[in-house]
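In case you want the letters, here they are:
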Amino acid sequence: MSRRQTPLRPYFESMPPIGSALSEVEITRTAENVNLVKEQEQLIAKEVERVKNAGIPAQKIHDRGGMTVYDRLDYLVDPGTWCPLHTLYNPRDNEEGCTGVVNGIGKISGKWAVIIGFDNKVMAGAWISGQSENILMVTDMAKRLNIPLVWMTNCSGVKLMEQETVYAGRRGSGTPFFRHADLNHLGVPILNAIYGTNPAGGGYQGISPTILLAHKDANIAVGGAGIVGGMNPKGHFDVEAAKALIEATKAFKAKSPGRVETHFDQTAYFREVHDTEQGVLDGIKQYMRMLPAYDPTMFRVAAPAAPKFPGDDLNRILPVNQKRQYDAKQILARLTDNSEFMEYRADYGPEVFTGIAKVDGFPVAFIGNNQGFFPDYPKYANDTYFGVGGKHYREGLIKQGEFVTLCGRDNLPIVWLQDTSGIDVGDLAEEAELLSLGQSLIYSIEQTELSMMCVVLRKGSAAAHYIMCGPQANNNNAFTLGTPMTEIYVMHGETAAAASYARRLVKEDSAGNPLDPVLDKMNQMIKDYQDKSRPAYCAMNGFVDEIVPLTDLRKYIQAFVGANYQNPRSITPVHQMLLPRIIKG
């Protein structure tokens, strides 16, 4: 008789339960909060719809017999697995209203991949401002998670009227080609479905991935017809040069360079050519089946299980009012398998929680900010003040540094749940070494090879936003999510206004001058802080990678965790893990 069990079953099979069902009183009391959350979700949804409708109408593509990038995604990605990212990203606020690429993480043929495609409705997929940075974030994510990068290339090349915003620089549009080479060097495959005309930069976009599959009408080339026909030795255009350009353009209009008969029949760059757009995507699916991936059973410590409590509760638990407190464990209980959590050092550094949970049966670490008030804490304050939830103090910083270091040893991916107002300040805080301990936490993160994701539940403020694996943690942070309540700023607007104008107020008051002009500037500064810290603004400027409904948080966490365990570079045998033993004692 054969017997089987999951590894370290006594530790993982049944972990300590957390959370509780909401009472009828709580449900009634939080009805207004639900409405406020929905209002913010509607604002974000409106912005998302605007981006999806950018460029020419989808019907024009359909009338030509083609598919839009969104049609291709729908056909390619396994149902229910698509997690879009960077939807609202548009850091230069360009006239297209987007960066011209659509990307995210999803499953293809049952395997996780980072997926990106040019939006062929927007200038036929041209290079436009902000796009190269978007692409770099995507290639970084594939590198960090060690999962395939899948391209749908349909790129008409540089928007020539704005080439200075696109072409050059350390992070310009040529950088992704080097990043593709980097991924290939690391063994991360790049699959490319090629459509349409792809000259110049579009040609390099087409040639730089690992495997090239093309539609029968696709082409990739160093230069297109317009580039070849536009070469002019005079250095300016007159009527004679214009006539020559007209004739050259006519000559190249019928046949663009780099067609299928060249790159399939002659150079053999294209592995496959398909008569239909769907056929190219079917080819991508087939190649995805060939790529390495562990069976999830290799790393699961228990059978997957849903949380005990409904995800809709999150809209009631997390207050829109930033000054209201809440029970962070109630949030966690709606995200983890079976609403269980094995907490690390619960009696130390109470302003933060750290510990291990399961997501889809995989072990994963969570770190987050507790809320509320902590009397007789921090100890170094000697009862001159008490601890406040969302702030970081000596013990909490030490605990997080320890925990991250142990997670690195055990190869546990980390999910950070941020709702932080900053690190404690003042002479007592400096004497307690908080400045150094904050940087020590950053060092601990950098010393690991772990993938991490960050969720800014509400506040991401001051240096605390950095130390809790904000998107600045480029070597570890796979992506950062915001919610309809997210606010990100160096400090609250009122605090910033006071810091900026306090001395001016003293000066004007001492001179007997009216204070109204200074107060107007202070209040305008507060308004600017509010406007420039809202969820849509954060997403547009890349402070977060996506704003998602609270009810979708678990879906993104599942994608992150599943991708981490698909083909890890490093493995800690579960039975050799230390953290569960340390927690048990």
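Asks: Which residues make up the overall build of the chain, and what values do they have?
Replies: The secondary structure content of the chain amounts to 23 helices and 21 strands. Over its C-alpha atoms the chain spans a radius of gyration of 27 Å, differing by no more than 12% from the 25 Å that the globule rule assigns to 585 residues. C-alpha extents for the chain along the principal axes are approximately 90 × 85 × 45 Å. Counting over 585 residues, the chain shows a buried share of 53%.

Asks: Please give an account of the sheet that holds strand 4 (residues 149-153) that cites residues and values.
Replies: Spatially, 7 strands are ordered 1-2-3-4-5-7-9 in an open sheet, and the strand pairing comes out mixed. Edge strands, defined here as strands with exactly one partner in the open sheet, are strand 1 (83-85) and strand 9 (272-274). For this sheet, the mean inter-axis angle between neighbouring strands, taken without regard to orientation, is 20°. Those strands touched by helix 6 (residues 131-145) are strand 1, strand 2 (101-108), strand 3 (111-118) and strand 4, and its axis lies near 170° from that of strand 3.

Asks: Pulling in residues and values, what's your account of the packing of helix 6 against helix 7 (residues 175-186)?
Replies: Two elements in contact, helix 6 and helix 7, have axes whose closest approach is 10 Å; the angle formed by their N-to-C orientations is 5°. As far as their axial angle goes, helix 7 and helix 6 are roughly parallel. Contact with helix 6, carried on its side by Ile135, Leu136, Thr139, Asp140, Ala142 and Lys143, involves Thr175, Pro176, Arg179, His180, Asp182, Leu183 and Leu186 of helix 7 and no other residues of that element. Split into classes, the residues belonging to the contact of helix 6 with helix 7 amount to 6 nonpolar, 3 polar and 4 charged.

Asks: Explain the environment of Asn94 residue by residue, including any values.
Replies: Along the chain, Asn94 falls in the loop between strand 1 and strand 2. Residues Asn94 and Ser129 lie 35 residues apart in sequence; the distance between their C-alpha atoms is 6.8 Å. Not counting residues within four places of it along the chain, the set of residues in contact with Asn94 comprises Ile128 and Ser129.

Asks: Account for the pairing of strand 16 (residues 414-420), naming residues and giving values.
Replies: The element strand 16 is largely enclosed, with a buried count of 7 among its 7 residues. Residues Ile414, Trp416, Gln418 and Thr420 point to one face of strand 16 and Val415, Leu417 and Asp419 to the other, with burial holding for every one of them.

Asks: Give a description of helix 17 (residues 434-447) that names residues and reports values.
Replies: The end-to-end C-alpha distance of helix 17 is 20 Å, a good match for the 20 Å that 14 residues give at a rise of 1.5 Å each. Among the residues making up helix 17, those that are buried are Leu434, Leu437, Gly438, Leu441, Ser444 and Ile445. Viewed end-on, helix 17 has its buried residues packed into an arc of 115°, placing them on one side of the element. Exposed residues pointing more than 90 degrees away from the buried face of helix 17 are listed as Leu435, Tyr443 and Gln447.

Asks: Would you mind going over the side chain of Thr483 in detail, with residue names and values included?
Replies: Topologically, Thr483 is positioned in the loop between strand 19 (477-482) and strand 20 (487-489). For Thr483, a relative accessible area of 0% gives the class buried. A polar contact is formed between the side chain of Thr483 and the backbone oxygen of Leu457, at a distance of 2.7 Å.

Asks: Any details on a nonpolar patch on the surface? Residues and values, ideally.
Replies: Judged by side-chain polarity, Tyr204, Ile207, Val222 and Tyr269 come together as a nonpolar surface patch covering roughly 400 Å² of accessible area. Within the element layout of this structure, Ile207 appears in helix 8 (residues 201-207). Ile207 sits in the partly exposed class, given a relative accessible area of 34%.

Asks: Explain the pairing of strand 18 (residues 452-461) to me, and be specific about the residues and the numbers.
Replies: In terms of residue burial, strand 18 counts as a mostly covered element, since 10 of its 10 residues are buried. Pairing analysis gives 6 bridges linking strand 16 to strand 18, with the strands arranged parallel. Within the sheet, the bridge partner assigned to Gln418 lies in strand 18 and is Val456. Looking at chain direction, strand 18 and strand 19 are connected through 5 bridges and run parallel. Looking at the pairing, Cys454 lines up with Thr480 of strand 19. Assessed by its sense of winding, the connection that carries the chain from strand 18 through helix 18 (residues 462-467) to strand 19 is right-handed. Note: strand 18 against strand 20, 3 bridges, orientation parallel. Bridge pairing in strand 20 places Lys459 opposite Glu487.

Conventions we followed
- Sequence order as written defines the numbering, with residues in each chain counted from 1.
- Totals for whole chains, interfaces and linings use all residues, but because this is a predicted model, local features are given only for residues with pLDDT of at least 70 and pairs of side-chain atoms are given and counted only at 80 or more.
- Water and hydrogen atoms were dropped before computing side-chain values, which therefore reflect all heavy atoms in the structure.
- Secondary structure elements are taken from DSSP: a helix is a run of H or I of four residues or more, a strand is a run of E of two residues or more, and numbering for both begins at the N terminus.
- This radius of gyration counts C-alpha atoms alone. The globule rule is 2.2 Å times how many residues there are, raised to the power 0.38.
- Using a 1.4 Å probe on the protein chains alone, a residue whose accessible area is under 20% of its type maximum counts as buried, one over 50% counts as exposed, and one in between counts as partly exposed.
- Between any two strands, at least two bridges found by DSSP are needed for them to pair.
- What counts as an axis is a line fitted to C-alpha atoms, over the stretch in contact for a helix, and the angles between N-to-C directions run from 0 to 180 degrees.
- Throughout, a residue-residue contact means that at least one pair of heavy atoms, one from each residue, lies within 4.5 Å.
- Oblique is the label for every angle not falling under 35 degrees (roughly parallel), over 145 degrees (roughly antiparallel), or within 65 to 115 degrees (roughly perpendicular).
- Basically, the charged four are Asp, Glu, Lys and Arg, the nonpolar ten are Ala, Val, Leu, Ile, Met, Phe, Trp, Tyr, Cys and Pro, and anything else, Gly included, counts as polar.
- In this analysis, the expected span of each helix is defined as 1.5 Å times one less than the number of residues it contains.
- By construction, the arc corresponds to the directions joining the helix axis to the C-beta atoms.
- In protein, a polar contact means a hydrogen-donor-capable atom and an acceptor-capable atom, both N or O and within 3.5 Å, with residues adjacent in sequence counting only if both atoms are side-chain atoms; elsewhere, any N or O pair within 3.5 Å suffices.
- The patches reported here contain residues having more than 30% relative accessible area and no salt bridge. Joining distances are 9 Å for like charges and 5 Å for nonpolar side chains (Val, Leu, Ile, Met, Phe, Trp, Tyr).
- Note on areas: Shrake-Rupley, 1.4 Å probe, and residue coverage restricted to the protein chains presented here.
- One speaks of a salt bridge when a side-chain nitrogen belonging to Lys or Arg is within 4 Å of a carboxyl oxygen belonging to Asp or Glu.
- By convention a crossover is right-handed if, when the strands point away from the viewer, the path from the first strand over the helix to the second runs clockwise.

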